[in-house]
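Listed below, chain by chain, are the residues.
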Amino acid sequence: MTLRAATRRPLVVGALYSETGATAFVERTQLNATRLAIEEINASGGVDGREVVLVSHDAQSDPARFASLAEALLDEERADLLIGCYMTNTRQAVVPVAERRGALLAYAACYEGFEYSPNVIYGGAVPNQHILMLARHLMNEPGKRFYLVGTRYTFPIESHRVLLTLIAERKGHALAERYVPLDVTRRELDQIVQDIRRKKPDVVFCTVVGRAASAFYELCAEAGLTADTTFASLTITEAEVAAMPPRLAEGHLTAATYFQSVDTPENRRFVRAYQARFGVRERLNAMAETAYAVTHLTLAAVARAGSAAPEAVRRELADMTFRAPQGEIRLDPENSHLYLWPRIGRVQADGQFQIIAEAAAPVKPDPYLINHTLEDWDGATPPEVLPLASGL
C-alpha cells in the first residue's frame, strides 16, 4: 500500500543511535542532525502532507541492542523506515532485520565498503571517497614509515588493508599494525604508544574510535610524539577533538567529506540552524552532516514515491539531487551509495579544521575498491583536486 493510499497517520522514522556508551558522543550528534532535518521537513509541510514523527531509543553502543531496537521499531512502533547506525557492527546487526521485514535503512556514516543490500541507502563515504585522497597527501615522498593503530572492528581493519596496499605501492614501510578493543584500558594504549616511540614512524595512522581516542592522543602527547610525527585519521572529527583537552590534536590530519568549516551557503545555514537548536557551543562533524543529508534526501524520495518501500525509494533517488552542507550529492543507482566530496582537514587550535585539499566535483562511490592505486578514485579517472592556500 502506498503512503497516498494509506490512512493519513504520521510517517514514523525509527532512529537508531546511542545516547550512552563508548560512541555516544558522536551518535548524539547524528541523532540531533536527524531530528533537525525532520523538523525542517515538517516545517515545509511534511512528507506528502503527512507529519514525520521520529522515534528513538538509546542503543547503548551495543550491536545486539541495535538489532532488537530495529525489530521493535518496525514491529511495535510501526516505523515506516529506519535511519541511523554508526559503527559497522551495528549496521551489520540491523541490515538482516531490515531485509527480513522488507524495510529501508538509511545508513548515516562512512564505512569500509564491500557491502550491498537492496534495503539500504548508504549515506557515508567509502574508501575511494576519503582514504585515497589522504594517502596521496601523506605519500608525497616515497619511503615513508607508517604505524597503524585502530579499534578492533571492521572499518579500521579494512581501512588499514587499503592503506597498506598504497604504502607498498609507493615503496613505503609499515612498521606495525595494532588493534585495541573498544573498551581498551589506558595501560594497554600506553604500551602501544611506547612502541611507537621506539619505532619512530613518520606517520601514525589512527582509527581508534570512542572514548579511547582521547586517551590515545593524550598518551602520545605525554610521550613527546606529536612534535616530529604526522598524525592522520579517518575517524577523528570535530566531535572527538571536542572531547579532548584543548589543542591536543592541533595539526593532526583527517580525511572526510565534511568539516564544519566547509564554505557553502548550505553549510552556513546548517551550522546556524544546528547551533540555534542544540546550543551555540555545539560542533558539527561528518557523521552529523551525513545523518542530516541522508534524512533529507531519503524522505524527499519517499514523498515522490508515495511509498517507503526500498525499491520505490531507490527508483526516485536515481534522478534526484540534494544540496547538502558538503555540496550537491546524489545516489549512484548502480550500488546505492552516494556521490560525495572528499576533503582533507588539519585541526586548528580552536578545534575546527582548516581544509587543505578538496575534490573539485563529487566523487563516484566505489564500494568494491579492490585494486588500490593512488590514481584510482572513482573507478576510472581521478578528480581534479584543489589544494587550498595555507592561509585560508
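Residues numbered from 1 in each chain as written. Predicted model: local features only at pLDDT ≥ 70, side-chain atom pairs only at ≥ 80, totals over all residues. Heavy atoms only, no water.

For the rest of this paragraph, the subject is the overall build of the protein chain. Helix and strand content of the protein chain: eleven helices and 16 strands. Relative to the compact-globule value of 21 Å for 392 residues, the protein chain shows a C-alpha radius of gyration of 20 Å, a close match. By its C-alpha atoms, the protein chain is 65 × 45 × 40 Å across when sized along the principal axes. Every one of the 392 residues in the protein chain was classed for burial, and the buried ones make up 59%. Of the contacts made within the protein chain by residues no fewer than 6 positions apart, 70% connect residues no fewer than 24 positions apart. With the model as given, the accessible surface of the protein chain reaches about 15,100 Å², and the carbon-plus-sulfur share is 48%. Charged side chains of the protein chain number 41 positive and 48 negative; the gap between the two group centres comes to 2 Å. (Helix = DSSP H or I, 4+ residues; strand = E, 2+ residues; numbered from the N terminus. Rg over C-alpha atoms; globule rule 2.2 N^0.38 Å. Buried < 20%, exposed > 50% of the residue type's maximum accessible area, 1.4 Å probe, protein only. Contact = heavy atoms within 4.5 Å. Areas by Shrake-Rupley, 256 points an atom, 1.4 Å probe, with all protein chains shown as cover. Lys, Arg positive; Asp, Glu negative; His and termini not counted. Charge placed at Lys NZ, Arg CZ, Asp CG, Glu CD.)

Below, the discussion takes up the pairing of strand β8 (residues 203-207). Most of β8 sits inside the fold, with five of its five residues counted as buried. In β8, alternate side chains face the same way, and those of Val 203, Phe 205 and Thr 207 on one face and Val 204 and Cys 206 on the other are all buried. As paired elements, strand β6 (residues 145-151) and β8 share five bridges and run parallel to each other. Counted as the bridge partner of Phe 146 is Val 203 from β8. Bridge count between β8 and strand β9 (residues 230-233): four bridges; the pairing is parallel. In the strand pairing of β9, Val 204 is matched with Phe 231. Handedness of the β8-helix α7 (residues 212-222)-β9 crossover: right-handed. (Pairing = 2+ DSSP bridges. Right-handed = clockwise from strand over helix to strand, strands pointing away.)

Evaluation of the coordinates by the stated rule reveals nine aromatic pairs. Between Phe 216 and Tyr 217, the ring centres sit 5.8 Å apart and the planes meet at 75°, which makes this aromatic pair edge-to-face. Here the aromatic cluster, defined as three or more aromatic residues joined through ring pairs, consists of Tyr 258, Phe 270, Tyr 274, Phe 278 and Tyr 292. Above the ring of Tyr 107, the side-chain terminus of Arg 91 is found at 4.9 Å from the ring centroid. (Phe/Tyr/Trp six-rings, centres within 6.5 Å; stacked < 30°, edge-to-face > 60°. Lys NZ or Arg CZ within 6 Å of the ring centre and 35° of its normal.)

We now examine the nonpolar core. Of all hydrophobic cores here, the largest spans 139 residues; its most connected members are Leu 16, Leu 134, Leu 163, Phe 216, Leu 299 and Ile 329. Among the elements that take part in this core, helix α10 (residues 286-305) stands out by supplying eleven residues, more than any other. Setting aside residues up to four positions removed in sequence, Leu 134 forms contacts with Phe 205, Ala 232, Ser 233, Leu 234, Leu 253, Ala 255 and Ile 344. (Core = buried A, V, L, I, M, F, W, Y, C linked by side-chain atoms within 4.5 Å.)

Moving on, we get to the side chain of Asn 119. One can find Asn 119 in the loop between β4 (105-107) and β5 (120-122). Judged by relative accessible area, which is 10%, Asn 119 ranks as buried. Within the structure, the side chain of Asn 119 is placed 3.5 Å from the backbone oxygen of Ala 98, a separation counted as a polar contact. Once you skip the residues sitting within four places of it in the chain, Asn 119 turns out to touch Ala 98, Glu 99, Gly 102, Ala 103, Leu 104, Leu 105 and Pro 310. (Polar contact = N/O pair within 3.5 Å; in protein donor to acceptor, adjacent residues only side chain to side chain.)

Judged by side-chain polarity, Phe 114, Tyr 116 and Tyr 368 come together as a nonpolar surface patch covering roughly 280 Å² of accessible area. Its place among the elements puts Phe 114 in the loop between β4 and β5. Taking relative accessible area as the criterion, Phe 114 reaches 34% and is therefore assigned partly exposed. (Patch = residues over 30% accessible without salt bridge, like charges linked within 9 Å, V, L, I, M, F, W, Y side chains within 5 Å. Salt bridge = Lys/Arg side-chain N within 4 Å of Asp/Glu carboxyl O.)

Here we take up the pairing of strand β14 (residues 343-347). Of all five residues that make up β14, four are buried, and the element is covered over most of its length. As defined by bridge partners, strand β10 (residues 253-256) adjoins β14 across four bridges and the pair is classed as antiparallel. The residue bridging Ala 255 from the neighbouring strand is Ile 344, located in β14. Of the pairings in the sheet, the one linking β14 to strand β15 (residues 353-359) comprises five bridges and is antiparallel in character. By the bridge assignment, Arg 343 is partnered in β15 with Glu 358. Following β14, the chain reverses through five residues before pairing antiparallel with β15; Gly 351 in that reversal takes a positive phi of roughly 90°.

Let us look at the packing of helix α1 (residues 24-43) against α10. Between α1 and α10, whose axes approach to 8 Å, the crossing angle comes to 30°. In terms of axis orientation, α1 runs roughly parallel to α10. Handedness of the crossing formed by α1 with α10: right-handed. For the pair formed by α1 and α10, the contact residues are Val 26, Thr 29, Gln 30, Ala 33, Thr 34, Leu 36, Ala 37, Ile 38, Glu 40 and Ile 41 on the first element and Met 287, Ala 288, Ala 291, Tyr 292, Thr 295, His 296 and Leu 299 on the second. (Axes fitted to C-alpha atoms, helices over the stretch in contact; angles between N-to-C directions. Parallel < 35°, antiparallel > 145°, perpendicular 65-115°, else oblique. Left-handed = near helix turned anticlockwise from the far one by under 90°.)

The subject of this paragraph is helix α5 (residues 154-169). End to end, α5 covers 23 Å across 16 residues, agreeing with the expected 22 Å (1.5 Å per residue, within 8%). For α5, the set of buried residues is Phe 155, Pro 156, Ser 159, His 160, Val 162, Leu 163, Leu 166 and Ile 167. Buried residues of α5, seen end-on, are gathered within an arc of 165° and therefore sit on one face of the element. Lys 171 sits one or two positions beyond α5 and adopts a positive phi of about 55°. (Expected span 1.5 Å × (residues − 1). Arc of directions from axis to C-beta.)

Let's shift gears to the pattern of salt bridges. Inspection of the entire model under this criterion finds 23 salt bridges. With its nearest N and O atoms 3.7 Å apart, the salt bridge here joins Glu 218 to Arg 186. With Glu 218 in helix α7 and Arg 186 in helix α6 (residues 186-199), this residue pair connects regions lying 32 residues apart in the sequence. Residue Glu 218 is classed as partly exposed on the basis of its relative accessible area of 23%. Between Glu 266 and Arg 323 there is a salt bridge, with the nearest N and O atoms lying 3.0 Å from each other. Pair noted here: Glu 266 is in helix α9 (residues 265-278) and Arg 323 is in strand β11 (residues 321-324), with a separation of 57 residues, a long-range link. By sharing partners, the salt bridges in this structure join Arg 178, Asp 195, Arg 198 and Lys 199 into a single network.

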